[in-house]
Amino acid sequence: MDLQYGLELVGTFVFAISGALAIREREHDMFGAGFTGFITAIGGGTLRDILLDSYPLVWIGDVKFLYAILAGVLAAFIFPNFLSRLRKTFFLFDTLGIGFFTVLGVEKALSLGVRPEIAAIMGMFSAVMGGVIRDTLTNEIPILFRKEVYASACLAGAVLYVVLDYFEVDRNYNMLISMSLVISIRFLAMKYKLSLPRLD
Amino acid sequence: MDLQYGLELVGTFVFAISGALAIREREHDMFGAGFTGFITAIGGGTLRDILLDSYPLVWIGDVKFLYAILAGVLAAFIFPNFLSRLRKTFFLFDTLGIGFFTVLGVEKALSLGVRPEIAAIMGMFSAVMGGVIRDTLTNEIPILFRKEVYASACLAGAVLYVVLDYFEVDRNYNMLISMSLVISIRFLAMKYKLSLPRLD
Amino acid sequence: MDLQYGLELVGTFVFAISGALAIREREHDMFGAGFTGFITAIGGGTLRDILLDSYPLVWIGDVKFLYAILAGVLAAFIFPNFLSRLRKTFFLFDTLGIGFFTVLGVEKALSLGVRPEIAAIMGMFSAVMGGVIRDTLTNEIPILFRKEVYASACLAGAVLYVVLDYFEVDRNYNMLISMSLVISIRFLAMKYKLSLPRLD
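Note that the coordinates shown come from a computational prediction; the quantities given were computed from them, not determined experimentally.

> Would you take a moment to explain the nonpolar core for this structure?
When a protein is soluble and globular, its nonpolar side chains tend to lie buried together. Ranked by size, the top nonpolar core spans 163 residues in total, and within it Trp59 of chain A, Trp59 of chain B together with Trp59 of chain C carry the most contacts. When sequence neighbours within four positions are dropped, the list of residues in contact with Trp59 of chain C reads Leu51, Ile118 and Met122 of chain B together with Phe38, Ile42, Thr46 and Phe65 of chain C.

What follows is the structure, encoded as structure tokens:
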């Protein structure tokens, strides 16, 4: 459990960096970058918890998450060029991050007693809606509609988690298997430029 | 009451189809279309219930709404051309739908004890905010600002409902009269290309 | 306390006018302008209260705020040209308004028992998020990312308030000092065209 808590803080830190750097490329100032890092890091979990009426919100109840975000934003301020060169590393971190937050989101929703179908949606929301809110605020087409395999990979992992949970697979194995599915789909989609079919 | 419940599910199904098809024209993939259908169908009621602190949200407490949305999205996937040709039919359904959801939204708000002025706003939100959130996410000018008589027709019907309710008009008659007002305004505005005055 | 309540209603009225006039310049109709005035006036406080789980929302529990908004929107309808010429007056009112709502937002959050760091963020949200939601709905780059000193001035005032509150400075003095900081930063930034550094 301590490991998980530590990983949540690290994931929040990484999401804040990537949010702050995302906006940097569109020429905003320090405050705009910090705000964007903040929204990216908290948006998904906040939406999930509002939809599920689960209060206090994680970052309001536990101020360590706020400091993890501040640290991420400061890192983006101090080392912008260094961090920007780590594009591949960030792709890796971001992919690990969405896999991890998907599974945590599913678990939290299940622990609040909602049905598995709803829990799967909440898992996906946890992982991707921070980026969607960020893109909406900055007038970008949301990541959801651009890199389509992004959110659908999360949904696939979330569905797998609730299915394995139904068959009483051990939690730790289930986390690893479901996260691996998210990560594998995204890597394969990126490598082979896969995308979902369109309607036409 | 069973009739009303059935109509709510049908209305959700229709909103999901029109949401999924709306995005199709902007060349998104299956996941994007499904997500958009989902948001269109649940957005208005979800916003209303969050503002009124009414939990669980309808689609989280009753999974049938989720299946109605899935069915709508699947229908849009399987019969896109057929459904797209039904443009006039959809205009009819959509108009019936916003009238119906406006009145249901007002009733729900009144049943939660808010003042009639607030209930009227909540009725309009129930009917139109799903489309507004969809348009915001997909970087469209929200429908509210394009087809202006759209949301104002809902507000007119919602105000009529609370006025008639104040004068203790029978609920069933009130629903029919208020829905008819929404539907009539929208049809007449469309037929005679009416719009509200601008400020200038 | 009566003075404060009166100022809140006046502030809501002014925000509704400026919201309704903001959209007027983009050629929307009466309903669109009214909706935008409404969102601008209630958005920030509503987001704050949803995040803090504080219900009923201010404008839902006390219908006077709704009437202050309606009055503002009507004023914008009836005297659009007169009010538009008052650009400098509005800049003054808007600046006083964001200073005032920042401090009220911090106080409300503190009274709900959250940590000072969170309360400072909530103060800034109260003041600026109505405008951000308005800009997002109307496909503008949010004010937050355009006039960068706008939101950061609020954050500075909010941080000052929680610091002085920690040192037990009298509430009335604290309000005046913290509001003055917000207002001074914004005026100086406007006069000398100051802006925060970018990351590059």
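> Looking at this structure, how should I read the interface of chain B and chain A?
Frequently, the measure chosen for interface size is the accessible area that the parts lose on association. In this assembly, 29 residues from chain B lie in contact with 30 residues from chain A. A combined buried area of about 2600 Å² lies between chain B and chain A, and 74% of that area is made up of carbon and sulfur atoms. At the junction of chain B and chain A, the tally comes to 0 salt bridges. Inspection of the chain B/chain A interface yields 2 residue pairs in polar contact (both at pLDDT 80 or more). Tallied by class, residues from the side of chain B that touches chain A come to 18 nonpolar, 7 polar and 4 charged.

> Sorry if this is basic, but what is going on with the interface of chain A and chain C here?
The partner chain C presents 30 residues to the 29 residues of chain A that form the contact. Roughly 2600 Å² of surface becomes buried between chain A and chain C when both sides are summed, with 74% attributable to carbon and sulfur atoms. Taken together, the links from chain A to chain C amount to 2 residue pairs in polar contact (both at pLDDT 80 or more). Looking at the side of chain A that touches chain C, the elements that each hand over two or more residues are α1 (2-24), α2 (30-51), α3 (58-61), α4 (64-78) and α7 (116-137) of chain A. Residues of the side of chain A that touches chain C, tallied by class, amount to 18 nonpolar, 7 polar and 4 charged.

> Please clarify how the relation of the copies chain B and chain A should be interpreted in this entry.
Between the two copies of this chain, the relationship is a rotation about some axis together with a displacement along it. For the pair chain B and chain A, the superposition axis carries a translation of 0.0 Å, the fit reaches an RMSD of 0.0 Å, and the rotation angle comes to 120°. The two molecules are tied by a three-fold rotation axis, judged by turn and shift. Of the interface residues in chain B, just 14% have counterparts in chain A that sit at the interface too, so the contact is made through distinct surfaces.

> Explanation requested: the side chain of Asp49 of chain B in the structure shown.
All names here are of chain B. By the element assignment, Asp49 lies in helix α2 (residues 30-51). Classification of Asp49 as buried rests on a relative accessible area of 1%. Polar side-chain contacts of Asp49 include one of 3.1 Å to the side chain of Lys108.

Procedures and definitions
Within each chain, residues carry numbers counting from 1 in the order of the written sequence. As a convention, the first chain written is A and the first ligand written is 1, with the rest following in written order. In keeping with the predicted nature of the model, local features appear solely for residues at pLDDT of at least 70, side-chain atom pairs appear and are counted solely at 80 or more, and the whole-chain, interface and lining totals rest on all residues. Side-chain metrics rest on all non-hydrogen atoms present in the structure, leaving aside hydrogens and water. Residues belong to a common nonpolar core when they are buried Ala, Val, Leu, Ile, Met, Phe, Trp, Tyr or Cys residues joined through side-chain atoms within 4.5 Å. Think of it in three bands: residues with accessible area under 20% of the maximum for their type are buried, residues over 50% are exposed, and the middle band is partly exposed, with areas taken using a 1.4 Å probe on protein chains only. Any two residues whose heavy atoms approach within 4.5 Å are treated as being in contact. Throughout, buried area stands for the accessible area (probe radius 1.4 Å) lost by two parts on being put together, summed over both. Salt bridge, as used here: a side-chain nitrogen of Lys or Arg that lies within 4 Å of a carboxyl oxygen of Asp or Glu. The definition of a polar contact used here is a pair of N or O atoms within 3.5 Å, where within protein one atom must be able to donate a hydrogen and the other to accept one, and adjacent residues in sequence count solely through side-chain atom pairs. When residues are grouped by polarity, Ala, Val, Leu, Ile, Met, Phe, Trp, Tyr, Cys and Pro land in nonpolar, Asp, Glu, Lys and Arg in charged, and all others, Gly among them, in polar. Segments assigned H or I by DSSP are reported as helices when at least four residues long, segments assigned E as strands when at least two residues long, and all are numbered from the N terminus. Alignment of copies: least-squares fit on C-alpha atoms of residues with pLDDT of at least 70 in both copies.

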